[in-house]
Amino acid sequence: MTLTASAKPISPSRPPAVRRAWQKFSPYAYIAPFFTLFAAFGLFPLIYTAFVSLYRVELQTPGDMEWRGLDNYTALLSDDFFWTSLRNTFTIGVISTVPQLVMALGLAHLLNYKLRGRTFLRTAMLLPYATSVAAATLVFAQLFGRDFGLINYVLGLVGIDPVDWQTGTVASQIAVSTIVIWRWTGYNALIYLAGMQSIPGELYEAAEMDGASKWRQFFHVTLPGLRPTIVFTVIVSTIGATQLFGEPLLFEGSVSGGISHQYQTLGLYMYEQGWGFFHLGRAAAIAWVMFLLILVLVGVNTLIARRRIRKEAGR
Amino acid sequence: MPIARAAKRRAVNLGAVVLAGALLAACGGSSDSSDSADGKVTITVDLFGSFGYKEAGLYEEYEKLNPGVTIKQTDTEDEADYWKSLQTRLAGGGGLADVQGIEVGRIASVTQQQADKFEDLKKYGAEELKNEFADAKWSAATGKNGEVLGLGTDVGPEAMCYRTDLFKKAGLPTDREELAQKWSTWDGYVELGKQYLKKAPKKSAWIDSVGSLYSIMIGQEKERYYNASGDLIWETNPALKTAWDTSVEAAESGLSAKLDQWSPQWNQAFAAGSFATIPCPAWMLGYIKGQAGDAGKGTWDIAKLPGGAGNWGGSYLAVPKAAKNKEAAYKLIKWLTAPEQQAKLFEKQGNFPSATGAIDKVADAKDPYFNDAPIGQIFGDAAKAAPVQVLGIHDQNVAQQITNALSEVERKGTDPDKAWSNAKKGVENTIG
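Here the residue numbering is sequential within each chain, running from 1 through the sequence in written order. Chains carry letters from A onward and ligands carry numbers from 1 onward, assigned in written order. pLDDT decides what is reported in this predicted model: residues at 70 or higher carry local features, side-chain atom pairs at 80 or more are listed and counted, and totals for whole chains, interfaces and linings draw on all residues regardless.

Draft legend 1. Inspection of the overall build of chain B at higher detail. Along its length, chain B carries 19 helices and 9 strands. Its C-alpha atoms give chain B a radius of gyration of 21 Å, near enough to 22 Å, the size a compact globule of 432 residues would have. Expressed along its principal axes, the backbone C-alpha trace of chain B runs to roughly 70 × 50 × 40 Å. Buried residues in chain B amount to 56% of all 432 residues. Note on contacts: each residue gets a C-beta atom placed from the backbone, and two residues are in contact if those atoms are within 7 Å. Partitioning the contacts of chain B with sequence separation of at least 6, the portion at a separation of at least 24 is 78%. Helix and strand labels come from DSSP, where a helix needs a run of H or I of at least four residues and a strand needs a run of E of at least two; each type is numbered from the N terminus. The reference for a compact globule is 2.2 Å times residues^0.38; the radius of gyration itself is calculated from the C-alpha atoms. The exposure scheme places C-beta atoms from the backbone and then counts, for each residue, the other C-beta atoms within 10 Å of its own, assigning buried at 20 or more, exposed at 12 or fewer, and partly exposed in between.

Draft legend 2. Region of the structure containing the interface of chain A and chain B. Across the boundary between the two partners, chain A contributes 23 residues, which contact 24 residues of chain B. At the level of secondary structure, the elements contributing two or more residues to the side of chain A that touches chain B comprise strand 2 (61–67), helix 4 (80–111), helix 7 (133–143) and helix 12 (246–252) of chain A. Polar here means any residue outside two lists: the nonpolar Ala, Val, Leu, Ile, Met, Phe, Trp, Tyr, Cys and Pro, and the charged Asp, Glu, Lys and Arg; Gly therefore counts as polar. When grouped by side-chain class, the residues that make up the side of chain A that touches chain B number 10 nonpolar, 8 polar and 5 charged.

Draft legend 3. Highlighting the pairing of strand 2 of chain A. Residue and element names in this part refer to chain A. Burial of strand 2 is sparse: only 0 of the 7 residues sit out of reach of the surface. At least two DSSP bridges between two strands are required for those strands to pair. As paired strands, strand 1 (residues 55–58) and strand 2 are joined by 3 bridges and run antiparallel to one another. By the bridge assignment for strand 2, E58 is matched with T61.

Draft legend 4. Region of interest: the UniProt feature "domain: ABC transmembrane type-1" (unreviewed entry) in chain A. UniProt positions are given in the numbering used here, feature names are shortened, and annotations may be inferred rather than shown by experiment. In the numbering used here, UniProt assigns the "domain: ABC transmembrane type-1" (unreviewed entry) feature to residues 86–301 of chain A. Across residues 86–301 of chain A, the secondary structure splits into 76% helix and 0% strand, with the terminal C-alpha atoms separated by 19 Å.

Draft legend 5. Spatial organisation of the packing of helix 12 (residues 264–272) of chain B against helix 13 (residues 284–292) of chain B. Residue and element names in this part refer to chain B. An axis is simply a line fitted to the C-alpha atoms; with a helix, the fit covers only the stretch in contact. Between two such axes, the angle follows the N-to-C directions and lies from 0 to 180 degrees. It is the contact of helix 12 with helix 13, at a shortest axis distance of 8 Å, that shows an interaxial angle of 75°. Between helix 12 and helix 13, the angle is such that the two are roughly perpendicular. Only I288, Q291 and A292 of helix 13 make contact with helix 12, whose side of the interface consists of N267, F270 and A271. Tallied by class, the residues present in the contact of helix 12 with helix 13 amount to 4 nonpolar, 2 polar and no charged. An angle below 35 degrees is read as roughly parallel, one above 145 as roughly antiparallel, one from 65 to 115 as roughly perpendicular, and any other as oblique.

Given below as structure tokens:
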């Protein structure tokens, strides 16, 4: 409002009605570029995907669309491959996210001490995150090789028989999760570190005066202080785990996620339907199911977090 | 060309696709008319696996013969990736090269579903070439209304490659005639494998994978996944079941090195001597040379395939409707698939010609890498005797599901009946 007053003498020629209209709508004009782009590359694909998911569409004959209603969705319910990939997404998600966040917490705690070369260490943590998925996965695929892989060689030195990291369900999922853990631990550690540094130092001093050990300080000062940060990383990791795609695709270069679909994630199954078999309608249905699934998961996450906060407040 | 080639270097593939797009954008300004005006034209060629044209110096030769022509090739190693990217570009109508390679397992899909997306080469007078090609090769690329949708490059007559040094160590004969007799049937081949295992060097199996055993056996059949009227018959096809059963027996007798074909481990195993025999379509020769390297020279030999002649793979060159320089592209593929060039390619790279004139030209060819095996004669005989295969639109995908199921038996010890039902489910999921 103060702006209006000062602007008045500068543009005396402009009629007040136009000026008022401009004031009212200019914010929209300023944010228009983002929303135009979002509409074109975010919203439209989302809605068009929903539209396509109601049809039978094949990539090779995109002109012939055959109305299927919700059949693409109901077919998923009785589709073993869909349930397998859903289960895999969940198990790989757990195997990769839990150790990743725990390790990130520990690393952040260590980095929070006054160490020599702290900046170097912090930067080094971020290196895996800056590496491309493709490059990292191809290297890991070599390491996990059955006959000539480094990991099996090391296992052999301590007398363990070679593991077929590609074929076994558990083994292959651990291998894929390892790549995810390697890439994302440093990133999460830095976020935790930032959170830790915003915890006031007096709290630690007070705890120390009360005779709390380092461990107790960690559990009773650091962790509660980090709660919002932890909620954030859990949500982001959950979304990431639900969309996991590059690592399982490139691990063996198989769109089926191994010979028995043993590490095929939802994202990969969508890709197989769409770009392996060219069933675009079915792929679109899977995409929407994934979208809804993420909404539900994030909703549950938020609910739990909120309930905890309320509990704390009530205590 | 084989369906899937070598390590799945997706990053490289992706780069190739991007590059193809960039190249096309670069020459997007020139149209047919302006090309002929100053006689300068850049022909883009997009292929998969290794057609070997560049390696054999054929592009260079063509550019010398036709001043003003520049050929730019992009190449995707794995055919499955190549096909995906080609289909995406066909659907969008942009980013297509002037010449696109098509694998024989996909050609039915082109003639039956996408005849409108590729040029009918009759327009440029391709009809006159008909007698130069084997009938089967020609008719497979002919559309419903008689359109000529591609010109044949190579075919994949089958033989068996084996390691003479490993055979010697296990006390087996190494003479190719003698072996051909011993393994005149697939049962004989499996028996010999069991004999090999008894005295084989450590960590050495009889065959690379049961997937390749199955693939080479099914290549000997006329009907595989579809019958002539286009019905899916694989489930009840007795020939397919025989190939399946033999592969299962090989897996359960421990004959296989349990390698996944085209994986990096498989590549490494050539030099490491992890297997003593490998089913060998003609294009595999170049692959073996590449993977086993100079150290492998003289340790390999080639014998006639057990159980008769067959064909595995082969390709076509086609010109998409959306190509920029169609006329020039046709001239190039006509030259590349002419008998002289096909013969040269076989001698240098091992891709066996589909032009009948070229087959006679290479009849006496021998390969020093393979102990001077008479490759012209071995593959020539196989090409003549191989059945004319019935092709279907989902051949590649069905085959993939079956070899996946066989790998389960081979690598996880899955019950064969369970694996068979897995294959069935997989095929339904693929086609449905």
